[in-house]
Amino acid sequence: MQEQMLFQSPIGDLLLSGEKDYITGLELWKREEAPSEKTAAHSGILLEAYRQLEEYFAGRRIQFDLPLSLQGTSFQRRVWGELCKIPYGETRSYQEIAAAVGNPGAVRAVGGANGRNPIMIIVPCHRVIHKNGDISGFSCGNEVKKFLLDLENGKSKK
């Protein structure tokens, strides 16, 4: 059974989802959508993810240690795996990710997979930028992406 937890963060309300012992989703919550199930008590995995996210936003965590269940195509999962390899505070271009997954011509497909990442922040899609340094195109908005990149580079007010 999928479980959800809604909580406040510096970038807005986040909806964290999990099933059994895995995190399955993390997204900005759209107020017109209600979480599918509200529970007073949350599983250990959701509480642990919440704790690690609090540490991340406080600048005390640079790497997440959570079991993830990423549902997508084989290509999407390869892209998401590469995103997880981008070190804290660093960025990679869509072109670099395409080359890393063995398909250097798939820059647009990488952008599509990046935009369909179901577990933002933990799978750091915000660390992917255009090769010219432009950060635009982030599904949660450029302000959120800039905040996350600045946070990781010690430039953000926490």
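Residues numbered from 1 in each chain as written. Predicted model: local features only at pLDDT ≥ 70, side-chain atom pairs only at ≥ 80, totals over all residues. Heavy atoms only, no water.

Undergrad: Please clarify how the side chain of histidine 126 should be interpreted in this entry.
TA: Tracing the backbone shows histidine 126 in the loop between α4 (107-115) and β5 (128-129). Reaching out from histidine 126, the side chain makes a polar contact with the side chain of glutamate 152 at a distance of 2.8 Å. What histidine 126 contacts, discounting residues up to four positions off in sequence, is Tyr56, Ile121, Phe138, Lys145, Leu148, Leu149 and Glu152. (Helix = DSSP H or I, 4+ residues; strand = E, 2+ residues; numbered from the N terminus. Polar contact = N/O pair within 3.5 Å; in protein donor to acceptor, adjacent residues only side chain to side chain. Contact = heavy atoms within 4.5 Å.)

Undergrad: Can you walk me through the pattern of salt bridges in this structure?
TA: A side chain of one charge can pair with a side chain of the opposite charge if their charged atoms are brought near each other. Per the counting criterion, the structure on display carries seven salt bridges. Residue glutamate 152 pairs with arginine 127 through a salt bridge whose shortest N-O separation is 2.8 Å. Pair noted here: glutamate 152 is in helix α5 (residues 142-152) and arginine 127 is in the loop between α4 and β5, with a separation of 25 residues, a long-range link. If you follow the salt bridges from partner to partner, you end up with Glu48, Arg51, Glu55 and Arg61 in one network. (Salt bridge = Lys/Arg side-chain N within 4 Å of Asp/Glu carboxyl O.)

Undergrad: Where do I start with the nonpolar core in this structure?
TA: Nonpolar side chains in soluble globular proteins tend to end up buried together. Judged by nonpolar contacts, the single largest core of 40 residues is most densely connected at Ile11, Leu26 and Ile121. Ranked by residue count, the leading element in this core is helix α1 (residues 44-57), at six residues. (Core = buried A, V, L, I, M, F, W, Y, C linked by side-chain atoms within 4.5 Å. Buried < 20%, exposed > 50% of the residue type's maximum accessible area, 1.4 Å probe, protein only.)

Undergrad: Explain the pairing of strand β3 (residues 22-28) here, please?
TA: A regular strand places its side chains on the two faces of the sheet in alternate fashion. Counting buried residues along β3, five of its seven residues qualify, which places the element largely inside the surrounding structure. Pairing of strand β2 (residues 12-19) with β3 involves six bridges; the strand directions are antiparallel. In the strand pairing of β3, serine 17 is matched with glycine 25. (Pairing = 2+ DSSP bridges.)

Undergrad: Looking at this structure, how should I read the sheet that holds β3?
TA: Hydrogen bonding along the main chain pairs the strands of a sheet, whether they run parallel or antiparallel. Read from one edge to the other, the open sheet built from three strands follows the order β1-β2-β3, with strand pairing classed as antiparallel. Only two strands of the sheet have a single partner each, and these edge strands are β1 (2-9) and β3. Ignoring which end each strand starts from, the neighbouring axes of this sheet average 20° apart. In this sheet, β2 lies alongside β1 in antiparallel orientation, the contact comprising eight bridges. Residue glutamine 4 lies in a different strand from β2, and its bridge partner there is serine 17. (Axes fitted to C-alpha atoms, helices over the stretch in contact; angles between N-to-C directions.)

Undergrad: Just to check I follow, could you spell out the packing of aromatic side chains for this structure?
TA: Note on aromatic pairs: each is described by the distance of the centres and the angle between the planes. Tallying each qualifying case throughout the model produces four aromatic pairs. Ring centres of phenylalanine 7 and tyrosine 50 lie 5.0 Å apart, and the angle between their planes is 80°; on these two criteria the pair is classed as edge-to-face. Here phenylalanine 7, found in strand β1, pairs with tyrosine 50, found in helix α1; they are 43 residues apart in sequence, far enough to count as distant. What makes tyrosine 50 partly exposed here is its relative accessible area of 26%. Ring centres of tyrosine 56 and phenylalanine 57 lie 5.3 Å apart, and the angle between their planes is 75°; this geometry places the pair in the edge-to-face category. Across the pair, phenylalanine 57 and tyrosine 56 agree in class, each one buried. (Phe/Tyr/Trp six-rings, centres within 6.5 Å; stacked < 30°, edge-to-face > 60°.)

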